[in-house]
Amino acid sequence: MPEFTFTKLSTGNYKEKGSSFYAVAQSTSGINEVKSLLSNIKKEYPDASHICYAYRIKTGQRLDEFFSDSGEPKGSAGQHILNVLKRKYLINAIIIVVRHFGGTKLGIPRLSHAYNTAAEIAIENETFTPWLEKKRLCITYPYKLEGEMKSILTKNQALVVNEDFGEKIYIQLEIDVELAEKFIASIKELSAGKKQIIMEDQKVY
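Residues numbered from 1 in each chain as written. Predicted model: local features only at pLDDT ≥ 70, side-chain atom pairs only at ≥ 80, totals over all residues. Heavy atoms only, no water.

Asker: Would you mind going over the confidence of the model for the protein chain in detail, with residue names and values included?
Answerer: Per-residue pLDDT for the protein chain has a mean of 89; in total, 96% of the residues score no lower than 70. Model confidence for the protein chain, summarised as mean pLDDT per element, is weakest for strand β11 (residues 198-201) at 81 and strongest for strand β6 (residues 93-100) at 97. (pLDDT = per-residue confidence, 0-100. Helix = DSSP H or I, 4+ residues; strand = E, 2+ residues; numbered from the N terminus.)

This is the structure:
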């Protein structure tokens, strides 16, 4: 079955008996990014009564699924958000739903409906992109090879996610696993055994 991820951040709003449910849906590369996203949401909405969420993250053949009810009655929030992700075959994706209590208790059926609906509204107009497994590499190389490196990166559709210009150029990149072998061979050929380029795998957590 084909798998997909989000192309951009999207949001949705839903109200039920005075309570408001604001959902944020976006792609995520790993647990560290999830923690950062949640931290930012909590800072942005300090008056939220609950911040519930679910994610699905795939690394290699391993798929991690997790959800949180964040103090809501067990089974009333996070599982329903996760089910929205699963129904759309979304991975490396997270949906966070922020609730502001409106003064009236909803009961589990209405809570479940509210969290599910908010999550669905957030992604109803979203265009998904097919998910391809990525390999992350860290590469350090001298400035004299910058032009040739840029050419190799472009030809292999490598995405630079971080770079630093010190005594040498240091980059972190992501590349489709299917293209990684050819890309690595090109880098080794450019280095020509002179150890001008340092390359190492970086695990994504």
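Asker: Which residues make up the side chain of Gln26, and what values go with them?
Answerer: Take Gln26: it is sitting in strand β3 (residues 19-27). Apart from residues lying up to four places away in sequence, Gln26 is in contact with Phe6, Lys8, Leu9, Glu33, Leu37, Ala93 and Ile94. (Contact = heavy atoms within 4.5 Å.)

Asker: Please set out the nonpolar core residue by residue, giving values where relevant.
Answerer: As a rule of thumb, soluble globular proteins bury nonpolar side chains together. One finds Phe6, Phe21, Ile81, Ile95, Val97, Tyr115 and Ile123 to be the most contacted residues of the largest nonpolar core, which totals 24 residues. If you list the elements that add at least two residues to this core, you get β3, β4 (50-59), α2 (78-87), β6 and α3 (107-123). Top element by residues in this core is α3. It accounts for seven residues. Of all hydrophobic cores here, the second largest spans 18 residues; its members include Tyr141, Leu145, Leu153 and Ala158. (Core = buried A, V, L, I, M, F, W, Y, C linked by side-chain atoms within 4.5 Å. Buried < 20%, exposed > 50% of the residue type's maximum accessible area, 1.4 Å probe, protein only.)

Asker: Before we move on, could you go through the packing of aromatic side chains and cite the residues and values that matter?
Answerer: Counted by the stated rule, this structure contains five aromatic pairs. Ring centres of Phe21 and Tyr115 lie 5.0 Å apart, and the angle between their planes is 80 degrees; on these two criteria the pair is classed as edge-to-face. One end of the pair, Phe21, is in strand β3; the other, Tyr115, is in helix α3, with 94 residues separating them in the sequence. Exposure remark for Phe21: the relative accessible area of 1% places this residue in the buried category. Tyr115 sits in the buried class, given a relative accessible area of 0%. (Phe/Tyr/Trp six-rings, centres within 6.5 Å; stacked < 30°, edge-to-face > 60°.)

Asker: Before we move on, can you summarise the pairing of β6 with the specific residues and values?
Answerer: Most of β6 sits out of view: seven of its eight residues are buried. In this sheet, β6 lies alongside β3 in antiparallel orientation, the contact comprising eight bridges. When the sheet's bridge partners are listed, Tyr22 is paired in β6 with Val98. As defined by bridge partners, β4 adjoins β6 across seven bridges and the pair is classed as antiparallel. Looking at β6, one finds that Cys52 is bridged to Val97. (Pairing = 2+ DSSP bridges.)

Asker: Now, about α2: what can you tell me, with residues and values included?
Answerer: Among the residues of α2, Gly78, Ile81, Leu82, Val84 and Leu85 are the ones counted as buried. Seen from one end, α2 has its buried residues packed into an arc of 150 degrees, which puts them on one side. Elements that come into contact with the buried residues of α2 comprise β1 (4-6), β4, β5 (62-68), β6 and α3. Within two residues after α2, Tyr89 carries a phi angle of roughly 55 degrees, on the positive side. (Arc of directions from axis to C-beta.)

Asker: Give me the side chain of Glu174: which residues, what numbers.
Answerer: Among the structural elements, Glu174 can be located in strand β10 (residues 169-176). Engagement of the side chain of Glu174 in a polar contact is seen with the side chain of Arg136, the distance being 2.4 Å. For Glu174, the residues in contact, after removing those within four places along its chain, are Lys134, Lys135, Arg136, Gln157, Ala158, Leu159 and Val161. (Polar contact = N/O pair within 3.5 Å; in protein donor to acceptor, adjacent residues only side chain to side chain.)

Asker: Give me the lowdown on the sheet that holds β11, citing residues and values where you can.
Answerer: Pairing in this open sheet of four strands is antiparallel, and the strands run β9-β10-β8-β11 from one edge to the other. In the strand order of this sheet, the two ends are held by β9 (159-165) and β11, each with one partner. Taken pair by pair, the neighbouring strands of this sheet meet at an average axis angle of 15 degrees, ignoring direction. Here strand β8 (residues 134-141) pairs with β10 via eight bridges, running antiparallel. Paired with Arg136 across the strands is Glu174, a residue of β10. Running at roughly 15 degrees to β10, helix α4 (residues 146-155) makes contact with β8, β9 and β10 of the sheet. The strands touched by helix α5 (residues 177-191) are β8, β10 and β11; relative to β10, the strand with the most contacts, the crossing angle is about 145 degrees. (Axes fitted to C-alpha atoms, helices over the stretch in contact; angles between N-to-C directions.)

Asker: Explain the pattern of salt bridges to me, using residue names and the numbers behind them.
Answerer: The tally for this structure, following the rule as stated, stands at nine salt bridges. Measuring nitrogen to oxygen at the nearest pair gives 3.0 Å for the salt bridge that ties Arg62 to Asp64. Judged by its relative accessible area of 27%, Asp64 falls in the partly exposed class. For Arg87, the salt bridge identified is with Glu120, shortest N-O distance 2.9 Å. Of this pair, Arg87 sits in helix α2 while Glu120 sits in helix α3, placing them 33 residues apart in sequence. (Salt bridge = Lys/Arg side-chain N within 4 Å of Asp/Glu carboxyl O.)

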